[in-house]
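Coordinate analysis (summary)
Here are the chains, one letter per residue:
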Amino acid sequence: QVQLVESGGGLVQPGGSLMLSCVGSGDTFSDYSMGWFRQPPGKEREFVATISRVGRKTEYSGSVKRRFTISRDNAKSTVYLQMNSLKPEDTAVYYCAATPALASVSGLRKVESYDYWGQGTQVTVSS
């Protein structure tokens, strides 16, 4: 099984940018499709983006499409989330997740699709 550790969160002003990183260990990283989710205060965890095992395919939620970019570097066992044009409503704890399941990215938008989770990193967008 894979262990995941996120980093890169923090406080940023509206319109700013942040890059989140998630490092995997304990297993072959390229055997896993990866996803980013977030949990705003008082709300349920929601899908942000997902990327296939070798990074050829990605999918985004409508609220972040064209602002966020998911990518991965399997040689570094790392998945990234570049977040641009941040809005106050992007404030949340951001989690990375992994699944060994063979599924298209369109089938990886649900929390229950993933088996392994990081501890989360806080992103706060505020002036």
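Scroll up for the structure.
So, here is what we can say about the structure in this document. For clarity, every value in this text was computed on a predicted model and none was experimentally measured. (Residues numbered from 1 in each chain as written. Predicted model: local features only at pLDDT ≥ 70, side-chain atom pairs only at ≥ 80, totals over all residues. Heavy atoms only, no water.)

Counting 27 residues, the largest nonpolar core has Met34, Trp36, Leu81, Met83 and Tyr94 as its most contacted members. Mapped by element, the contributors of at least two residues to this core are strand S3 (18-25), strand S4 (33-39), strand S5 (46-51), strand S7 (68-73), strand S8 (78-83), strand S9 (92-99) and strand S11 (121-125). For this core, the element with the highest residue contribution is S9, accounting for 4 residues. The residues touching Met83, leaving out its near neighbours within four places in the chain, are Gly16, Ser17, Leu18, Leu20, Arg67, Phe68, Tyr94 and Val123. Phe37, Ala97, Leu108 and Tyr114 belong to the second largest nonpolar core, which has 5 residues in total. (Core = buried A, V, L, I, M, F, W, Y, C linked by side-chain atoms within 4.5 Å. Buried < 20%, exposed > 50% of the residue type's maximum accessible area, 1.4 Å probe, protein only. Helix = DSSP H or I, 4+ residues; strand = E, 2+ residues; numbered from the N terminus. Contact = heavy atoms within 4.5 Å.)

On to the environment of Glu46. Structurally, the position occupied by Glu46 is in strand S5. Since its relative accessible area comes to 29%, Glu46 is described here as partly exposed. Excluding residues within four positions of it along the chain, Glu46 makes contact with Phe37, Arg38 and Pro40. Among the polar contacts made by the side chain of Glu46, one reaches the side chain of Arg38 at a distance of 2.7 Å. (Polar contact = N/O pair within 3.5 Å; in protein donor to acceptor, adjacent residues only side chain to side chain.)

Our next topic: unusual backbone geometry. Non-glycine residue Arg66 carries a positive phi angle of around 75°. Relative to the assigned elements, Arg66 resides in the loop between strand S6 (58-60) and S7. Accessibility expressed as a relative area gives 77% for Arg66, which makes it exposed.

A few words on the environment of Tyr60. Tracing the backbone shows Tyr60 in strand S6. Residue classification places Tyr60 among the buried positions, given a relative accessible area of 16%. Taking the C-alpha atoms as reference, Tyr60 lies 8.6 Å from Ile70; in sequence the two are 10 residues apart. With sequence-adjacent residues up to four places away left out, Tyr60 is seen in contact with Phe47, Val48, Ala49, Lys65, Phe68, Thr69, Ile70 and Arg109. Within the structure, the side chain of Tyr60 is placed 2.9 Å from the backbone nitrogen of Ile70, a separation counted as a polar contact.

Before going further, it helps to examine the packing of aromatic side chains. Enumeration according to the criterion identifies 6 aromatic pairs in this entry. Where Tyr32 meets Tyr116, the ring centres are 6.0 Å apart and the plane angle is 75°; that geometry is what we call edge-to-face. Here Tyr32 is found in the loop between S3 and S4, whereas its partner Tyr116 is found in strand S10 (residues 116-117), with 84 residues between them in sequence. With a relative accessible area of 4%, Tyr32 lands in the buried category. Where Tyr114 meets Trp117, the ring centres are 6.1 Å apart and the plane angle is 65°; that geometry is what we call edge-to-face. An aromatic cluster is defined as three or more aromatic residues linked by ring pairs; in this entry it consists of Phe37, Phe47, Tyr95, Tyr114 and Trp117. (Phe/Tyr/Trp six-rings, centres within 6.5 Å; stacked < 30°, edge-to-face > 60°.)

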